[in-house]
Amino acid sequence: MDQIDIKISKFLSYVLRHQPESIGLALDNERWADNGVWLTKTVPVGYMCVI
């Protein structure tokens, strides 16, 4: 992994595990988020995932 991959991984882990509200993401009762929603919300904070 290069540095940008590590940075993205840590950011996504933080947001999805601990602070989804930090990017305005709402999780359902089982703590799942719609892929389209979390992908769109990560772009404004400087991260974009290409699948």
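Residues numbered from 1 in each chain as written. Predicted model: local features only at pLDDT ≥ 70, side-chain atom pairs only at ≥ 80, totals over all residues. Heavy atoms only, no water.

S.K.: Would you mind showing me how to read the environment of Ser13 here?
M.R.: Its location among the elements puts Ser13 in helix H1 (residues 3-18). In this structure the side chain of Ser13 is engaged in a polar contact, spanning 2.9 Å, whose partner is the backbone oxygen of Ser9. (Helix = DSSP H or I, 4+ residues; strand = E, 2+ residues; numbered from the N terminus. Polar contact = N/O pair within 3.5 Å; in protein donor to acceptor, adjacent residues only side chain to side chain.)

S.K.: Quick question: what am I supposed to make of unusual backbone geometry here?
M.R.: A negative phi angle characterises most non-glycine residues, just as the trans form characterises most peptide bonds. One non-glycine residue, Arg31, lies in the positive phi region at around 65 degrees. Its location among the elements puts Arg31 in the loop between H1 and helix H2 (35-42).

S.K.: Would you mind showing me how to read the environment of Trp32 here?
M.R.: Residue position: Trp32 is located in the loop between H1 and H2. Classification of Trp32 by relative accessible area gives exposed; the value is 59%. With residues near it in sequence (within four places) discarded, Trp32 still touches Ala26 and Leu27. (Buried < 20%, exposed > 50% of the residue type's maximum accessible area, 1.4 Å probe, protein only. Contact = heavy atoms within 4.5 Å.)

S.K.: What is the right way to read the nonpolar core from this model?
M.R.: Taken as a class, soluble globular proteins show a tendency for nonpolar side chains to be buried jointly. Counting residues in hydrophobic clusters, the biggest one holds seven residues: Ile8, Phe11, Leu12, Val15, Ile23, Leu25 and Trp38. Sort the elements by how many residues they give to this core and H1 lands first, with four residues. (Core = buried A, V, L, I, M, F, W, Y, C linked by side-chain atoms within 4.5 Å.)

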